[in-house]
Amino acid sequence: MIIHRAFVREVLQTCAAVTAILFSIFLVTRLVGFLSQAAQGDIPINSVFLLLTLKMLGYLDIIVPLVIYISILLVMGRWIRDNELTVISACGIGMKQFIRPIMILFVIVGTMVAAFSLYISPLAAEVFRSIQHEYRNRSDGAGIIPGVFTETRGATGVYFVETYDRATDTFQEIFVYSLGDQEDSVVLAASGYKTVDRGTNDNSSNDDFLVLKNGSKYRGRAGSPQYAVVNFETYAVRLKQRAAGAPALPAKAKPTLKLLGDRNKTAIGELHWRISKIIMLPILMLFALSFSSIAYRKNRFPGMLAALLVYFAYSNVLGLVVALIRRGLVNPHFSLWIVHLAFLCLAVYFFRRRCDNLRLIPGLPW
């Protein structure tokens, strides 16, 4: 049917516009947070945009249901405003006939949500955590950037290099400040390079060193007239490195296939939560149709407000139940599905009243 194809096309086009707006807001807010973490040395500055992309992929399975919900409301609202829905109703096409295009949308969008929820989002979360773990176990010197003062973890030292020669893999004009228990030290060198000493300990791990050439080391306490100066041709500074270890993946970063065989309550709850993101999609679509009526031609605010309240109630209750599951306070097998069943019954009730041209709630202007 032409109307069905037009409805699906306009909803998908509106989805693209709504997605662009939501992504812009998401990118700006998350980018500010990542840049702040990079400035504090918690994440590598050259991986900010990679981490931002991974974070965005991790939230797509939550954003897409909201996008399709808003898009249906906007398309139906425009049809109501332009009297298109009135003409469609006069032709004998009621709300029940919109179930078919809704199912087509569910197949298209639901497939994408399933792909993100069951595979892409957990993979993005795993890679995100792996990058963070790898950076936290890198040596202090790994984050040295030419022209930038780089503070070590724990704020016990500062590195600065003026330039970096890629051809010789060396730094030029190096400054190193170290804060000690008894005295501080400042090292100035004309050049230097990073190296790995593979025999500095008995634990088969490698220590990183910054080897400095042709410089001086100043030792003393700030405010004290006593200090010592040592000139050197070669001086090696050990770069502090955290003990490496395999990162413990949270449930949200584990592959779906691993969750299937995991009997932990948190893992079971995470599996049901991933499936819930798919199940909530047709329920939201049914709610969107229920809050679309030609009675809202003059005043669309009550319908939009009610639709948003229902969405936030639905999503917040699901989020609350997921939090309770992770704490082991509710049954992970049935709790989420009780919420879905309750909202499904409410959506069906609203939709039937809308098909009969009745108010969704008697006594209220909806």
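All of these numbers come straight from a predicted model, not from anything done at the bench. (Residues numbered from 1 in each chain as written. Predicted model: local features only at pLDDT ≥ 70, side-chain atom pairs only at ≥ 80, totals over all residues. Heavy atoms only, no water.)

This part takes up the overall build of the protein. Helix and strand content of the protein: 8 helices and 6 strands. Sequence separation of 24 or more characterises 59% of the internal contacts of the protein that already satisfy a separation of 6 or more. By element, 61% of the accessible surface of the protein is carried by carbon and sulfur atoms, the whole surface being about 20100 Å². (Helix = DSSP H or I, 4+ residues; strand = E, 2+ residues; numbered from the N terminus. Contact = heavy atoms within 4.5 Å. Areas by Shrake-Rupley, 256 points an atom, 1.4 Å probe, with all protein chains shown as cover.)

Running from N to C, helix α6 (residues 265-290) and helix α8 (residues 335-355) point in directions that differ by 10 degrees, and their axes come no closer than 9 Å. Classified by the interaxial angle, the pair formed by α6 and α8 is roughly parallel. The segment α6 lies against α8, with Gly-269, His-272, Trp-273, Ile-275, Ser-276, Ile-279, Met-280, Ile-283, Leu-286, Phe-287, Leu-289 and Ser-290 engaging Leu-336, Trp-337, His-340, Phe-343, Leu-344, Leu-346, Ala-347, Val-348, Phe-350, Phe-351 and Arg-354. (Axes fitted to C-alpha atoms, helices over the stretch in contact; angles between N-to-C directions. Parallel < 35°, antiparallel > 145°, perpendicular 65-115°, else oblique.)

Let's shift gears to the pairing of strand β2 (residues 157-165). Examined bridge by bridge, strand β1 (residues 150-151) and β2 share 2 bridges and lie antiparallel to one another. Counterpart to Thr-150 in the pairing with β2 is Tyr-159. In terms of strand pairing, β2 meets strand β3 (residues 170-179) through 8 bridges, oriented antiparallel. When the sheet's bridge partners are listed, Tyr-164 is paired in β3 with Phe-171. (Pairing = 2+ DSSP bridges.)

Attention shifts here to the packing of helix α2 (residues 48-81) against α6. Axis separation between α2 and α6 bottoms out at 9 Å; the angle between their running directions is 15 degrees. Of the possible angle classes, the one that applies to α2 and α6 is roughly parallel. Remark: the crossing between α2 and α6 carries right-handed chirality. Seen from α2, the contacting residues are Asp-61, Ile-62, Pro-65, Ile-68, Tyr-69, Ile-72, Leu-73 and Met-76; seen from α6, they are Lys-277, Leu-281, Leu-284, Met-285, Phe-287, Ala-288 and Leu-289. (Left-handed = near helix turned anticlockwise from the far one by under 90°.)

Counting 59 residues, the largest nonpolar core has Phe-7, Tyr-69, Ile-72, Phe-287 and Phe-291 as the members making the most contacts within it. Mapped onto this core, the elements with two or more residues apiece are α1 (2-39), α2, α3 (84-90), α4 (99-136), α6, α7 (301-326) and α8. Residue contributions to this core peak at 13 residues, all from α2. Leave out the neighbours within four places in its chain, and Tyr-69 touches Leu-284, Phe-287, Ala-288, Phe-291, Ala-307, Leu-308, Val-310 and Tyr-311. Val-161, Leu-212, Phe-232 and Leu-239 belong to the second-largest nonpolar core, a separate cluster that totals 12 residues. (Core = buried A, V, L, I, M, F, W, Y, C linked by side-chain atoms within 4.5 Å. Buried < 20%, exposed > 50% of the residue type's maximum accessible area, 1.4 Å probe, protein only.)

Looking now at the pattern of salt bridges. All told, the structure shown has 9 salt bridges when counted by the stated rule. Notably, a salt bridge pairs Arg-221 with Asp-184, separated by 3.4 Å at the nearest N-O pair. Here Asp-184 lies in strand β4 (residues 184-197) and Arg-221 lies in the loop between β5 (207-220) and β6 (227-239), a separation of 37 residues in the sequence. By relative accessible area, which is 33% here, Arg-221 ends up partly exposed. (Salt bridge = Lys/Arg side-chain N within 4 Å of Asp/Glu carboxyl O.)

The next subject is the environment of Asp-356. Secondary-structure assignment places Asp-356 in the segment after α8. Given a relative accessible area of 49%, Asp-356 falls into the partly exposed group. C-alpha separation for the pair Asp-356 and Gly-94, spaced 262 residues apart in sequence, amounts to 9.5 Å.

Moving on to the packing of aromatic side chains. According to the stated counting rule, one finds 15 aromatic pairs in the structure shown. A ring pair is formed by Phe-34 and Phe-128, whose centres lie 6.0 Å apart and whose planes are at 45 degrees; its orientation type is tilted. Here Phe-34, found in helix α1, pairs with Phe-128, found in helix α4; they are 94 residues apart in sequence, far enough to count as distant. By relative accessible area, Phe-34 is classed as buried at 1%. Where Tyr-349 meets Phe-350, the ring centres are 6.0 Å apart and the plane angle is 45 degrees; that geometry is what we call tilted. Its relative accessible area of 39% is what places Tyr-349 among the partly exposed residues. (Phe/Tyr/Trp six-rings, centres within 6.5 Å; stacked < 30°, edge-to-face > 60°.)

What follows concerns the confidence of the model for the protein. Across the protein, the average pLDDT comes to 82, with 86% of residues at 70 or higher. Within the protein, the element-level pLDDT minimum falls on β1, averaging 74, and the maximum on α8, averaging 92. (pLDDT = per-residue confidence, 0-100.)

The next subject is unusual backbone geometry. If you check the backbone angles, Glu-173 has positive phi at about 55 degrees while not being a glycine. For Glu-173, the position within the fold is in strand β3.

We now examine the side chain of His-340. Mapped onto the elements of the fold, His-340 is located in helix α8. On the accessibility criterion, His-340 (4% relative accessible area) is buried. Look past the residues within four positions of His-340 in its chain and what remains in contact with it is Ser-276, Ile-279, Met-280, Ile-283, Tyr-314 and Leu-318.

Moving on, we get to a nonpolar patch on the surface. Nonpolar side chains collect at one region of the surface, where Leu-118, Tyr-119, Leu-123, Val-127, Ile-275 and Ile-279 lie side by side and expose about 460 Å² of accessible area between them. Only α4 and α6 provide two or more residues apiece to the nonpolar patch. The dominant element in the nonpolar patch, judged by the number of residues it contributes, is α4, at 4 residues. (Patch = residues over 30% accessible without salt bridge, like charges linked within 9 Å, V, L, I, M, F, W, Y side chains within 5 Å.)

Attention now goes to the side chain of Ser-290. Tracing the sequence through the fold places Ser-290 in helix α6. Those residues in contact with Ser-290 that lie beyond four places of it in its chain are Ala-347, Phe-350, Phe-351, Arg-354 and Leu-360.

This brings us to the environment of Ile-93. In this fold, Ile-93 is placed in the loop between α3 and α4. Assessed through its relative accessible area of 13%, Ile-93 is described here as buried. With 90 residues separating them in the primary sequence, Ile-93 and Ile-3 have C-alpha atoms 9.5 Å apart. Discounting chain neighbours no more than four positions away, the residues touching Ile-93 are Met-1, Ile-3 and Ile-88.

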